[in-house]
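Each chain is listed here by its residues.
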Amino acid sequence: MIFENTRNFAQSLDAQDELRSYRDEFIFPQVNGKQVIYFTGNSLGLQPKRTKSYIDEVMADWANLAVEGHFYADKPWWDYHERFAVPLSDIVGAKPTEVTVMNTLTVNLHLLMVSFYRPTLKKFKIICEEKAFPSDQYMFQSQIDFQSKSVGFDPKEALVEIKRREGEHNIRLEDVLAKIDEVGEELALVLIGGVNYYTGQVFDMKTITEAGHKYGAYVGWDLAHAAGNIKLQLNDWKVDFAAWCSYKYMNSGPGNASGCFVHEMHHNDSDLPRFAGWWGHNKERRFKMEPKFDPVRGAEGWQISNLPILSLAPYLASVEMFAEVGMDKLIAKRDVLTSYLEFILQEIDKELESAEFEIITPSNPDERACQLSVYLHGQGRELFDRLMKNGVITDWREPNVIRLAPAPFYCSFEDMYEFGQILKQAILNK
Ligand SMILES: *Cc1c(COP(=O)(O)O)cnc(C)c1O
């Protein structure tokens, strides 16, 4: 498509946008009495208007039924989480038995590492990406320290990071595969962010998963920036396990419940160690309060506690919206919207004749999704602050990168045009 940097052109794309009515389904903050341009759906998605009614329903059931709500609420609480299995499995390309919701993301990754990071003296290494999200780094360090004490391997040798090449912003697939070959039989686990949070790079999860399996390693993915953003086929790709948060692209609200995936090939493996609790126990017998743990054969077998229904309610509102629209339509819009934003940035840079910014996200559409990370030359945090004052909410990362994620559910093409104009003025008036 030949793009134009004009309001008319942006409006014509909005007029053709099948998802345009969904913009009205979300609540936008206001700055100076105007709805903001929101680029941080990769950090905290906007609140859908329908969410409140899902929470109100639980509040009303609690008021009217109290403990009886567990079984007699319209949506009973004891199996409330089962309502997620079908819509979430569509979002991540899984079978319904392979997904569940529980806890929060880092907690779930820790729990899954209990099952899938089982180091021995000879096979104890973990491959991850350089500069992984900090929570993941702390998780790796603490899991390695914890396990090395009983197994006896050298904790300093256990974590192997895949580096970017000198002068490059993204990690090459060939370098991931070479690292897997290099670590070889010592490899116990590959665990990488499916979409890099900093650059927006999308990894080839299928190929990397296959490569890890060649050496008998488990392969898991942190899908914080992938769930609700990219096409996932976790079952087909034979991913061992994955987890994601729901408050980024999935709009479920701050700090809200996580989703997790365990491939069906592991469902009947009763040797897999796990940290258990009563909500993972055989459903028919859960309330018989028996002493011996008998896990549900499926991702639900990793459940521990009864679920925080008030936190699941907004997540349910969200997955129902995803089910209405479907990932394919979201992805189709996402691609045009992201390319239009890229075009706008390039046009503004040309008009300013200044090479002010460099997009560090891969330009190859197969290697990126919703996010463009822009490295600012000669601009600092003041630019971010000026954008904020003018009603553009972006995300600032040290040293000088702004991340822009035009979420297809609620961002418009006109937002992209308008952003370009505000950006240009912000740079000219500095
Ligand atoms: C957002 C994000 C997290 C957040 O973890 P929580 O446990 O939900 O606080 C973890 N990992 C990655 C890659 C993220 O992008």
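Source: prediction; values computed, not measured.

Take the overall build of the protein chain next. When helices and strands are tallied, the protein chain shows 13 helices and 17 strands. Here the C-alpha radius of gyration of the protein chain, 23 Å, is about what a compact globule of 430 residues would show, namely 22 Å. When the 430 residues of the protein chain are sorted by exposure, 57% land in the buried category. Look at the contacts in the protein chain between residues 6 or more apart in sequence, and 71% of them connect residues 24 or more apart. Entry remark: accessible area of the protein chain is about 18,600 Å², with carbon and sulfur atoms responsible for 52%. Distance between charge centres in the protein chain, computed from 46 positive and 62 negative side chains, equals 2 Å.

If you trace the backbone, Val325 turns up in helix α10 (residues 309–325). On the basis of relative accessibility, which here comes to 10%, the residue Val325 falls in the buried class. With 158 residues separating them along the chain, Val325 and Gly167 place their C-alpha atoms 40 Å apart. Contact partners of Val325, with chain neighbours within four places excluded, come to Leu19, Tyr22, Leu330 and Phe409.

Before going further, it helps to examine the nonpolar core. Leu88, Tyr117, Trp221, Leu234, Trp244, Tyr340 and Phe419 are the most contacted members of the largest nonpolar core, which totals 134 residues. Looking at which domains feed residues into this core, each of domain 1 (7–35 + 327–428) and domain 2 (54–325) gives three or more.

This paragraph deals with the packing of helix α11 (residues 327–352) against helix α13 (residues 413–428). With their axes 9 Å apart at the nearest point, α11 and α13 run at an angle of 25° to one another. Between α11 and α13, the crossing angle belongs to the class labelled roughly parallel. Relative to α13, the crossing made by α11 is right-handed. In contact with Lys333, Val336, Leu337, Tyr340, Leu341, Ile344, Leu345, Ile348, Glu351 and Leu352 of α11, α13 contributes Phe413, Met416, Tyr417, Phe419, Gly420, Leu423, Lys424, Ile427 and Leu428. Class assignment for the residues of the contact of α11 with α13 results in 15 nonpolar, one polar and three charged.

In this section: a nonpolar patch on the surface. A cluster of nonpolar side chains, contributed by Phe71, Tyr72, Trp278, Phe287 and Met289, occupies part of the molecular surface with about 590 Å² of accessible area. Mapped onto the fold, Phe287 is located in the loop between β12 (258–262) and α10.

Before going further, it helps to spend a moment on the domain arrangement of the protein chain. According to the domain assignment, the protein chain consists of domain 1 (7–35 + 327–428) and domain 2 (54–325). Computed over C-alpha atoms, the centres of domain 1 and domain 2 are 30 Å apart. Facing 29 residues of domain 1, the contacting portion of domain 2 comprises 20 residues. Area buried by domain 1 at its contact with domain 2 is led by Met327, Ile360 and Phe409, which between them contribute 27% of it. Counting across the interface, domain 1 meets domain 2 through one salt bridge. Where Asp328 meets Lys231, a salt bridge forms, and the shortest distance between an N and an O atom there is 3.2 Å.

At their nearest, the axes of helix α5 (residues 105–116) and helix α6 (residues 134–151) sit 11 Å apart, and the two run at 30° to each other. Relative to α6, α5 is oriented roughly parallel. In terms of crossing hand, the pair formed by α5 and α6 is right-handed. Residues Thr106, Leu109, His110 and Met113 of α5 form the contact with α6, whose participating residues are Ser135, Asp136, Met139, Phe140, Ser142 and Gln143.

Here the focus is α5. For α5, with 12 residues, the first-to-last C-alpha span of 16 Å sits near the 16 Å given by 1.5 Å per residue. When you tally the buried positions in α5, you get nine out of 12 residues, the bulk of the element.

Calculation rules
Residues numbered from 1 in each chain as written. Predicted model: local features only at pLDDT ≥ 70, side-chain atom pairs only at ≥ 80, totals over all residues. Heavy atoms only, no water. Helix = DSSP H or I, 4+ residues; strand = E, 2+ residues; numbered from the N terminus. Rg over C-alpha atoms; globule rule 2.2 N^0.38 Å. Buried < 20%, exposed > 50% of the residue type's maximum accessible area, 1.4 Å probe, protein only. Contact = heavy atoms within 4.5 Å. Areas by Shrake-Rupley, 256 points an atom, 1.4 Å probe, with all protein chains shown as cover. Lys, Arg positive; Asp, Glu negative; His and termini not counted. Charge placed at Lys NZ, Arg CZ, Asp CG, Glu CD. Core = buried A, V, L, I, M, F, W, Y, C linked by side-chain atoms within 4.5 Å. Domains from an automatic or database assignment. Axes fitted to C-alpha atoms, helices over the stretch in contact; angles between N-to-C directions. Parallel < 35°, antiparallel > 145°, perpendicular 65-115°, else oblique. Left-handed = near helix turned anticlockwise from the far one by under 90°. Nonpolar A, V, L, I, M, F, W, Y, C, P; charged D, E, K, R; others polar. Patch = residues over 30% accessible without salt bridge, like charges linked within 9 Å, V, L, I, M, F, W, Y side chains within 5 Å. Salt bridge = Lys/Arg side-chain N within 4 Å of Asp/Glu carboxyl O. Buried area = accessible area lost by both parts, 1.4 Å probe. Expected span 1.5 Å × (residues − 1).

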